[in-house]
Amino acid sequence: MENCIFCKIVKGEIPSTKLYESERVIVFLDINPIEKGHALIVPKLHWSNLAEVKLDTEKEIETYEELMYVMRVTAKAVISTGIADGANILQCNNACAGKTVDHLHFHVIPRYGKEAVAVPAFNSGAVKYEEGEVSVITKKLADAIKKIIQEEDLL
Ligand code: AMP
Ligand code: ZN
């Protein structure tokens, strides 16, 4: 993708502070970190978001599997070595979810100290379901998950 900033980083056209690089995945520090050590886990293939991930070719499957693997390993490196005390994983899909770079990536954000960080968007409980809404959204989501699993036929 020509104007994609992360594709440019993958190609080495703009610099990054790399923590890991393989044929398929690259990990580098976020230039605008939420915390010290804030890392981005990025596939070298250009997919805009999780809905755009293609799993048709061996390369696509291997890229996706390594992406998940390296995300776990990066989080483990953060929390099992004393580098930090905890970590959040964040991944944004589309502008309404806060996405600013249109190339799939996962944030691994180290957390330090004993105080619980406020992550209001995730745990505020600010939204309450109206009567009957739980069963409607549960059915919609469960049906969609089932359909995608059947269509992808990978399990
Ligand atoms: P998101 O909101 O998930 O799309 O986050 C995109 C992230 O990419 C932000 O946290 C930015 O600080 C980060 N970012 C943007 N450009 C660069 C860059 N050239 N090098 C490293 N991180 C970047
Ligand atoms: Zn890209």
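Please refer to the structure higher up on the page.
Quick caveat: nothing in here was measured; it's all calculated off a predicted structure.

Reading the values: rules and limits
Residues numbered from 1 in each chain as written. Chains lettered and ligands numbered in written order. Predicted model: local features only at pLDDT ≥ 70, side-chain atom pairs only at ≥ 80, totals over all residues. Heavy atoms only, no water. Helix = DSSP H or I, 4+ residues; strand = E, 2+ residues; numbered from the N terminus. Buried < 20%, exposed > 50% of the residue type's maximum accessible area, 1.4 Å probe, protein only. Contact = heavy atoms within 4.5 Å. Lys, Arg positive; Asp, Glu negative; His and termini not counted. Charge placed at Lys NZ, Arg CZ, Asp CG, Glu CD. Phe/Tyr/Trp six-rings, centres within 6.5 Å; stacked < 30°, edge-to-face > 60°. Donors = N, O, S within 2.8 Å, 3.2 Å for Na, K, Ca; no water. Tetrahedral: all angles 85-135°; square planar, octahedral: opposite > 155°, others 65-115°. Near = heavy atom within 4 Å. Polar contact = N/O pair within 3.5 Å; in protein donor to acceptor, adjacent residues only side chain to side chain. Areas by Shrake-Rupley, 256 points an atom, 1.4 Å probe, with all protein chains shown as cover. Nonpolar A, V, L, I, M, F, W, Y, C, P; charged D, E, K, R; others polar. Pairing = 2+ DSSP bridges. Axes fitted to C-alpha atoms, helices over the stretch in contact; angles between N-to-C directions.

**Structural notes on the overall build of the protein chain**
(1) Moving on: Tallying secondary structure elements over the protein chain gives 4 helices and 5 strands in all.
(2) Moving on: C-alpha atoms of the protein chain, sized along the principal axes, occupy 50 × 45 × 30 Å.
(3) Moving on: When the 155 residues of the protein chain are sorted by exposure, 30% land in the buried category.
(4) Moving on: Contacts spanning at least 24 positions in sequence make up 53% of the contacts within the protein chain whose residues lie at least 6 apart.
(5) Moving on: Taken as two groups, the 18 positive and 23 negative side-chain charges of the protein chain have centres that lie 4 Å from each other.

**Here's the deal with the packing of aromatic side chains**
(1) Moving on: Summed over all chains, the structure comprises 1 aromatic pair.
(2) Moving on: For the ring pair F6 and F28, a centre distance of 5.3 Å and an interplane angle of 85° mean the geometry is edge-to-face. Taken together, the residues span a long stretch of sequence, with F6 in helix α1 (residues 5-10) and F28 in strand β2 (residues 25-29) at a distance of 22 residues.

**Things to note about the coordination of the zinc ion (ligand 2)**
(1) Moving on: Coordination of the zinc ion (ligand 2) by the protein involves C4 (SG), C7 (SG), H46 (ND1) and H103 (ND1), with metal-donor separations of 2.0 to 2.3 Å.
(2) Moving on: Classification of the site at the zinc ion (ligand 2) rests on its 4 donor atoms, whose angles at the metal span 103 to 117°, yielding the label tetrahedral.
(3) Moving on: Of note, the donors binding the zinc ion (ligand 2) are all from one chain and are spaced C-x2-C-x38-H-x56-H. Here the residue H46 occupies a position in the loop between β3 (39-43) and α2 (58-79), and H103 occupies one in the loop between β4 (86-90) and β5 (106-111), the gap between them amounting to 57 residues.
(4) Moving on: Looking at H103, the relative accessible area reads 0%, which means it is buried.

**Re the site of ligand 1**
(1) Moving on: In the vicinity of ligand 1, 16 residues are found, and the nearest of them are D30, G98, T100, H105 and H107.
(2) Moving on: A distance of 3.2 Å separates a nitrogen atom of ligand 1 from a polar backbone atom of I31.
(3) Moving on: Interatomic distance of 3.0 Å between a backbone N/O atom of V101 and an oxygen atom of ligand 1.
(4) Moving on: Contact with the protein chains removes 85% of the 510 Å² of surface that ligand 1 exposes when unbound.
(5) Moving on: For the shell around ligand 1, the secondary structure elements donating two or more residues are α1 and β2.
(6) Moving on: Counted by class, the shell around ligand 1 contains 9 nonpolar, 5 polar and 2 charged residues.

**Digging into the sheet that holds β3**
(1) Moving on: The 5 strands are arranged β1-β2-β3-β5-β4 in an open sheet whose pairing can be described as antiparallel. Of all strands in the sheet, those with a lone pairing partner are β1 (18-21) and β4, marking the two edges. Across the sheet, the axes of successive neighbouring strands diverge by a mean angle of 15°, strand direction being ignored.

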